[in-house]
Structure formats: C-alpha cells, structure tokens
Amino acid sequence: MRKALVVLTVSLAVTIGVAPGASAAERSQPSFDRDGDGQADIAVTRAASPALDAPVTWYFALSAGGFTSETFGNRGDVQVPADYDGDGVIDAAVVRLLPSNQLDWFIHRSSDGGVTEAPFGGDADGADTPIQGDFDGDGKADLAVYRPPVNGKPHGQFFVWPSGGGPVWSLLWGDAGANDRPFAGDFDGDGKSDLGVRRPDTNGDFVWFIAASRAGFLNPTFGHDQDLFAPGDYDGDGTTDLVMVRTLPNKDYRWFGLMSSGGAFVTDWGHGGNTINTTDRLVPANYAGTGRTQIAVWRPDPTAGIFFVRNDSGTAITTSFGITGDIPVVYDYVINDNAVAP
C-alpha cells in the first residue's frame, strides 16, 4: 500500500513553521520550524519495525536548543508535515490509504495537542497523491490531492479542501499518456500555492505547466527527466525557484537553480549511491532563518546520519542526527515521485 500513495515534490507554498506575524511572501516558503523561531529544525522519523502498521516516532533537533519527539502515524502512512493550524509551528501529519482506496488524513496539532482526522481524496483506482499547500493564503495548510489520468481518464485533476472550511474546488490539469508529475509552489509570490505538472518532452527535458494564482499560465522548460526536484526560495524573494539536482557519472549531486529574481546557479553538493542506505537525501530548507532556502543533504551512516547544510556564505555546517533507516522529514516532503519506506 505504501507504493500506491506517492509523495511528490510538493508545495513550496505550504505555511510550514513560519512565524505567524510574517508577511505573505515569507509564509509561502517552508522552514520546517518546530520551535517557532523562524529557522528550519533538523528532523527524522523512525519506524519501530519493518511492519507497515509499526508506529513511527518523529525526532526533532531544535535550532533554539534541545530535542523533542513524538510518536504519530504508522510506517505504511505517507508523511505530510505542515502548519495546518496556523501557529507557525510544523505539525506532524500523515495520510493513510484505506482498504476502500479512500484517503484518511491525521494531523497532530501543535497548537493544542489535539488530533484532526479528515477523510479526503481517493477513488476506485486508488491512485490519488497528497499535495501539501496553502492555496487560499490564510496561513494554514489545506488538504489537497492530485488524481492522475489513469483507466481512461483524459486529464488529471487537483482537488483542494480549504482550511477555512469553504467548498472543495478542483482543477483539470495534465493529460493522459504524457507522464505528467504534479507539484505545487508559490511561483508568483502572492503567498498562495500554485498548482502544476511537469512533463518530459521528446528530448527528455522538463516542460512545466503552472496555473499561477496571480501571474496566470507559466510554461518554462528546465531540467531533465532523471533530475530530482529540490524546490525552495533560494534567493529570498518570497517566490518558488525551480531547482533540479542531477546525479553525475561519479555519483556526485549537481544542483541547477533557475531563480525567480533572475539569474541561475550551479553547485555541487552531496552524493548519490547504489542503494537507499548509501544515497544522500535532499533536505533543502531555511535552516539559517534568513528567508532563503539553503542547499542541504542528509547522509545515512551505519552509526549516525549526518546533515550537511551549505550556508549562505558557501561553507558547510554538519550535524549528526538520525541513523540508517530513518527518513529525514524534509526529504519525505520533497521526495521525487515515490514515497520511500525505510
């Protein structure tokens, strides 16, 4: 069942752990902030056993100092952490595929410690994908899914349930047979998530089809079919940048960024491998609290996982946290086209 639910390179417009008083542009970029200080916190999840119903514990190394943990969800769930209650702190959250092929969302609210359960998404094909984002710009993550065009459906379709309780709305987007891959991000800087799909053309290049809430239709070409998507606001202008990561012949990672403010960057950071336990995971986030996404990877190690963060000056900050078999929380959020089970 884990493979039937696919976490994609999803929203950069999710209000994940950004201070409640921040501007709309600041709120539109994720920081994965657990202690509310405006900086991303290092975090991993760990299943108690290989069983799909094994409980999962979330571990956070807080930027303000100290550690915290909580047990929430099962190994077979898809992790969808975001700020669902608008308090500026990331909430542990999961989506569970039921035997009926329906999706059930479970959110552990940081504001009061309560749990929200919300059935949303799923049809007879069992192929809906959870998509995280703040699509109405109210500072709270909404529930959303993408339904791919399978079994005779001519188009893909997004469904969004606003956090404010308004009616569910949908958007037909993507075509059958085109190998479209859904995503969301704030590509016009208005503080609202925009929906889109990326599609490989006949040359293997990605063509992006973005329905921007303010800027209208955006259609750039950037990246190649085998590249990994590492979204974020790398230039700090409140708008999602297109950033792809390519594995070179020597297995090193090369990051290619197309900035919304103009210009581009190319940076080598991290290393691929032949197995899940020898491959660096992409964990870009706003670790410095500067409003910019920092390039970062998490490297599994037999004794302790290591976070390698490239700060804004280009130097490395390393932190040992986690063990082989853990899933870094940011990685599970930006994972490309497949949910990885330990």
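Thresholds applied
Residues numbered from 1 in each chain as written. Predicted model: local features only at pLDDT ≥ 70, side-chain atom pairs only at ≥ 80, totals over all residues. Heavy atoms only, no water. Helix = DSSP H or I, 4+ residues; strand = E, 2+ residues; numbered from the N terminus. Polar contact = N/O pair within 3.5 Å; in protein donor to acceptor, adjacent residues only side chain to side chain. Pairing = 2+ DSSP bridges. Contact = heavy atoms within 4.5 Å. Phe/Tyr/Trp six-rings, centres within 6.5 Å; stacked < 30°, edge-to-face > 60°. Buried < 20%, exposed > 50% of the residue type's maximum accessible area, 1.4 Å probe, protein only. Lys NZ or Arg CZ within 6 Å of the ring centre and 35° of its normal. Salt bridge = Lys/Arg side-chain N within 4 Å of Asp/Glu carboxyl O.

Peer 1: Sorry, what's going on with the side chain of Asp326 here?
Peer 2: By the element assignment, Asp326 lies in the loop between strand E24 (316-320) and strand E25 (327-328). A polar contact of 2.7 Å, which involves the side chain of Asp326, links it to the side chain of Arg46. Within the structure, Asp326 has its side chain in polar contact with the backbone nitrogen of Ile323 (distance 2.8 Å).

Peer 1: Which parts of the structure should I look at to understand the pairing of strand E7 (residues 115-119)?
Peer 2: If a strand is regular, its side chains alternate between the two faces of the sheet. Pairing between strand E6 (residues 103-108) and E7: 5 bridges, direction antiparallel. Within the sheet, the bridge partner assigned to Phe106 lies in E7 and is Glu117. As consecutive antiparallel partners, E6 and E7 are separated by 6 residues, and within that stretch Gly113 has a phi angle of approximately 80°, a positive value.

Peer 1: In this structure, what is going on with the sheet that holds E24? I would like to understand it.
Peer 2: Strand pairing in a sheet is mediated by backbone hydrogen bonds. Such pairs are either parallel or antiparallel. With antiparallel pairing, 4 strands are arranged side by side in an open sheet as E21-E22-E23-E24. Two strands in the sheet have a free side with no partner beyond their single neighbour: strand E21 (281-282) and E24. Of the pairings in the sheet, the one linking strand E23 (residues 306-310) to E24 comprises 5 bridges and is antiparallel in character. Within E24, the position partnered with Phe308 by the bridge is Thr318.

Peer 1: Honestly, the environment of Val245 in this entry has me stumped. Any pointers?
Peer 2: Secondary-structure assignment places Val245 in strand E18 (residues 242-247). With 21 residues separating them in the primary sequence, Val245 and His224 have C-alpha atoms 9.5 Å apart. In this structure, Val245 is in contact with Asp227, Leu228, Ala230, Tyr253, Arg254, Trp255 and Leu282, ignoring residues within four places of it in sequence.

Peer 1: What is the right way to look at the environment of Thr68 in this model?
Peer 2: By the element assignment, Thr68 lies in strand E3 (residues 67-74). The spacing of Thr68 and Trp58 is 10 residues in sequence and 8.4 Å in space, taken between C-alpha atoms.

Peer 1: I tried to follow the packing of aromatic side chains on my own but got confused; where do I start?
Peer 2: The geometry of an aromatic ring pair is captured by the separation of the ring centres together with the interplanar angle, meaning the angle of the planes. The full count for this structure, using the stated rule, is 13 aromatic pairs. Ring centres of Phe67 and Phe321 lie 5.9 Å apart, and the angle between their planes is 15°; this geometry places the pair in the stacked category. Of the two residues, Phe67 is situated in strand E3 and Phe321 in the loop between E24 and E25; the sequence distance between them amounts to 254 residues. On the basis of an interplanar angle of 80° and a centroid distance of 5.7 Å, the ring pair of Phe183 and Phe187 is categorised as edge-to-face. The two residues Phe183 and Phe187 agree in class, both being buried. A connected cluster of aromatic rings, assembled from ring pairs, spans Phe183, Phe187, Phe206, Trp208 and Phe229. If you follow Arg46 out to its NZ or CZ, it ends over the ring of Tyr59, 4.6 Å from the centre.

Peer 1: Just to check I follow, could you spell out the environment of Trp161 for this structure?
Peer 2: Of note, Trp161 is situated in strand E10 (residues 155-161). Owing to a relative accessible area of 31%, Trp161 belongs among the partly exposed residues under this scheme. Sequence separation between Trp161 and Val145 is 16 residues; the distance between their C-alpha atoms is 9.1 Å. Ignoring anything within four residues of it in the chain, the contact list for Trp161 reads Ala118, Pro119, Phe120, Asp142, Leu143, Gly166 and Val168.

Peer 1: Hey, could you run me through the pattern of salt bridges in this one?
Peer 2: Oppositely charged side chains can form a pair if their charged atoms are brought close together. Under the definition given, this model contains 14 salt bridges. Where Arg46 meets Asp326, a salt bridge forms, and the shortest distance between an N and an O atom there is 2.7 Å. In this pair, Arg46 sits in strand E1 (residues 42-47) while Asp326 sits in the loop between E24 and E25, placing the two residues 280 residues apart along the sequence. Accessibility expressed as a relative area gives 27% for Arg46, which makes it partly exposed. Asp128 serves as the salt-bridge partner of Arg147, at 2.8 Å between the closest nitrogen and oxygen. Taken together, the residues Arg147 in strand E9 (residues 143-147) and Asp128 in the loop between E7 and strand E8 (129-130) connect sequence positions 19 residues apart. Classification of Asp128 by relative accessible area gives buried; the value is 1%. Connected via shared salt-bridge partners are Asp123, Asp125, Asp128, Arg147 and Lys153.

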